[in-house]
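# Structural description and commentary
Here is how the chains run, residue by residue.
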Amino acid sequence: MKPTIEYIQTRFDEYNERFFGGSLPPVPVKLSHAKGFLGKVTYTRRKQGLFRGYRNEDFVLRINVRIDLPEPIIEDTILHEMIHYYIAVNQWTDTSTHGQLFRREMARINREGHRHITISHRLSASEQSQAVLTKGRVVAVVHFADGKTGIKVVPKQIKHILAWHRQALTVAKFNSEITHISWYYTDDEYFSKYPSSMALRIYLIDTPHSLPLANAHRLIIGESNVRLDINPDNNLRW
Ligand SMILES: [Zn+2]
């Protein structure tokens, strides 16, 4: 499921009563589509005059809706962020981001509520491929013997990727021989201008090193399958 603001707000109120004695002040909730986190509590640390300490203010609770996640994971994400909020709103200082205070509260809520909150949530293989495969495009970067480079966007189905790969390498259709094809899965909108088809038409690229593929996932072509090689720099974590 992908949570709505109302859903998160309802869970927040429920967990606030159940695990924090209703002590947490209401907090603005925002949905995020950013990469790199499932949830986040942001706030400002403001200095309180010359000889007094800092105060945490202007809290926002952000929950990521980029991926369709199972409901228990969303609930645990909300709880995880509520622990951060609990510590920060009380102006406590933990030993680290997920320090002793955080771990004590996490253990308590896991025990009392039979939850499975963790420090860092690594997505399962299916969640990862779902994260990538919902929106992305399959891009072939084709290297020719004469040094030129071209690209081609191919439909996402494995049979299409394999068929196009074999054809391009065997059909003598191009001015120069193809030496190598690198495959990528990317959601970068740059590639939306190229038609996705099975046609053996390759678009030559003048500056191949400037292609926005740094965050793309590699696709490894096998005999009869295509494997997604998840780019660790494009991984969702808390
Ligand atoms: Zn955290």
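In what follows, the structure referred to is the one given above.
Read on for an overview of the structure. This one's a predicted model, so the numbers in the text were calculated from it and none came from an experiment.

Calculation rules
Residues numbered from 1 in each chain as written. Predicted model: local features only at pLDDT ≥ 70, side-chain atom pairs only at ≥ 80, totals over all residues. Helix = DSSP H or I, 4+ residues; strand = E, 2+ residues; numbered from the N terminus. Contact = placed C-beta atoms within 7 Å. Pairing = 2+ DSSP bridges. Axes fitted to C-alpha atoms, helices over the stretch in contact; angles between N-to-C directions. Core = buried A, V, L, I, M, F, W, Y, C linked by C-beta atoms within 7 Å. Buried ≥ 20, exposed ≤ 12 C-beta atoms within 10 Å, placed from the backbone.

## Focus: the environment of L101
- Within the secondary structure layout, L101 lies in helix α3 (residues 100-113).
- Between the C-alpha atoms of L101 and I87, which are 14 residues apart in sequence, the distance is 7.7 Å.
- Apart from residues lying up to four places away in sequence, L101 is in contact with I87, W92 and D94.

## With respect to the sheet that holds strand β2 (residues 39-47)
- The three strands lie next to each other as β1-β3-β2, forming an open sheet whose pairing is mixed. Here the strands that pair on one side only, and so sit at the sheet edges, are β1 (29-32) and β2. The mean inter-strand angle of the sheet, taken between neighbouring strand axes irrespective of direction, is 30 degrees.
- Across the sheet, helix α2 (residues 71-89) touches β2 and β3 (54-64), and the angle it forms with β2 is around 10 degrees.

## Overview of the nonpolar core
- Counting residues in hydrophobic clusters, the biggest one holds 18 residues, and the most contacted among them are I8, L61, I78, L79, M82, I83 and Y85.
- At the level of elements, α1 (5-20), β3, α2 and α3 are the ones that each hand at least two residues to this core.
- Sort the elements by how many residues they give to this core and α2 lands first, with seven residues.
- Once you skip the residues sitting within four places of it in the chain, I8 turns out to touch P3, V29, I63 and I78.
- The next biggest cluster of nonpolar side chains, apart from the first, holds 14 residues, and it includes V154, W164, W183 and I202.

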